[in-house]
Amino acid sequence: LIGGNTSSALINYLTARHVFARLLADAPEDRERMRDLSVALERVGDVYVLQGDLAGALTSFKEAHALAERLARDDPGNSELQSDLAVTQERIGDAFLAQGSLGQALASYSASHAVRERLAREDATNASWQRNLSVSHNKLGDVLTSQGRLVTALALYEAGYAVRDRLAKADPGDPRAERDLSVSHEKIGDALRAQGNLTEALARYEAALVVRERLAQADPGSTERQRDRAVLYDRIGDVARDQGNLSEALRRYRMSLAIAQRLSKIDPSN
């Protein structure tokens, strides 16, 4: 999605889908062509999500999943194909969640989580499998949070944090691992705040902010890094407000606002 041009991206992905579908029709048992079509369908679904067409996205993801499921079933020892299956299950969950279909989202995320848990267990040294597992923990936690099942959601967020903490310690200079860790801190903070545990929520938000301040300082030109800081200032402001510390809440909200104003000037169309 170069330059965020979803219309152009959609045309390209639809063209690829058409080409791969035609190629597969010529050789219906060709596994490589089957996987190519599955990936193209997944990409089409991704663009539909960005355009707000959730029904179209869900249809495309389900078609991708059907192919990925067949490939994974025929070659159960192929970890890459198993991972592809988990991705399509997760994408379906994302679409259901965006539609507000929490039960269906939970079922899809649970199926994806089972695959990723198995892959991570079978190869504990594979950082990608471990990170994917942490993503699944968080996805499940998000649905359970929406359902009001905060205790179980918190446990899943904590499990995701434990994985990400290990990954960050194993590769201390990796900015993605650092940001992942800050996201886990934030999600745990959200769950704790929802439970009324403001002191521990604040500690988590502040831990996340330390990481995000460091990442923003290392890459001052990154608008994403700046926005990450603003989000944490808002969260900390919320806790301060809940605690009755209105002057601190106002200070944090102003810090967040200052960043938001700078970013809006950089890209007024965003």
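Everything here concerns the structure above.
A few points on the structure. Numbers given to residues run from 1 along each chain, matching the order in which its sequence is written. Predicted model: local features are reported for residues with pLDDT of at least 70 only, side-chain atom pairs are reported and counted for 80 or more only, and whole-chain, interface and lining totals are derived from all residues. Working from all heavy atoms in the structure, the side-chain values ignore hydrogens and water.

### Quick look at the packing of aromatic side chains
Aromatic rings from Phe, Tyr and Trp, with only the six-membered ring used for Trp, were paired whenever their centres fell within 6.5 Å, and each pair was classed as stacked if the ring planes differed by under 30 degrees, edge-to-face if by over 60, and tilted otherwise. Tallied over the full model, the rule gives zero aromatic pairs. Charge over a ring is defined by NZ of Lys or CZ of Arg lying within 6 Å of the ring centre and within 35 degrees of the ring normal. Positioned over the ring face of Tyr-161 is Arg-204, at 4.8 Å from the centre of the ring.

### A few points about the nonpolar core
Nine residue types can take part in a nonpolar core, namely buried Ala, Val, Leu, Ile, Met, Phe, Trp, Tyr and Cys, and a core is a set of them joined through side-chain atoms within 4.5 Å. Burial classes: relative accessible area under 20% of the type maximum marks a residue as buried, over 50% as exposed, and values in between as partly exposed (1.4 Å probe, protein chains only). Counting residues in each nonpolar core, the largest one holds 41 residues, and the members touching the most others are Ile-188 and Tyr-205. Counting residues in hydrophobic clusters, the runner-up holds eight residues, among them Leu-24, Met-34, Leu-67 and Leu-81.

### A closer look at the packing of helix α4 (residues 79-99) against helix α6 (residues 127-146)
Angles shown run from 0 to 180 degrees and are taken between the N-to-C directions of axes, each axis being a line fitted to C-alpha atoms and, for helices, limited to the stretch in contact. To qualify as a helix, a DSSP run of H or I must reach at least 4 residues; to qualify as a strand, a run of E must reach at least 2; elements of each kind are numbered from the N terminus. Remark: α4 packs on α6, axes separated minimally by 12 Å, with the N-to-C direction vectors making an angle of 20°. As far as their axial angle goes, α6 and α4 are roughly parallel. Relative to α6, α4 is oriented so that their crossing is left-handed. Each of Ser-79, Glu-80, Ser-83, Glu-90, Asp-94 and Leu-97 in α4 lies in contact with α6, whose residues at this interface are Trp-129, Asn-132, Val-135, Ser-136, Lys-139 and Val-143. Classifying every residue of the contact of α4 with α6 gives four nonpolar, four polar and four charged. Roughly parallel covers angles under 35 degrees, roughly antiparallel covers those over 145, roughly perpendicular covers 65 to 115, and oblique covers all other angles. Each crossing gets its handedness from the near helix: less than a right angle anticlockwise from the far helix is left-handed, clockwise is right-handed. The contact criterion used throughout is that any non-hydrogen atoms of two residues lie within 4.5 Å. When residue character is reported, Ala, Val, Leu, Ile, Met, Phe, Trp, Tyr, Cys and Pro are called nonpolar, Asp, Glu, Lys and Arg charged, and the others, Gly included, polar.

### Some remarks on the pattern of salt bridges
By definition here, a salt bridge exists when the distance from a side-chain nitrogen of Lys or Arg to a carboxyl oxygen of Asp or Glu is within 4 Å. Taken as a whole and assessed by the stated rule, the structure comprises 27 salt bridges. Taking the shortest distance from any N to any O, the salt bridge between Arg-33 and Asp-30 comes out at 3.6 Å. By relative accessible area, Arg-33 is classed as partly exposed at 28%. Take Asp-30: its relative accessible area is 27%, and that puts it in the partly exposed class.

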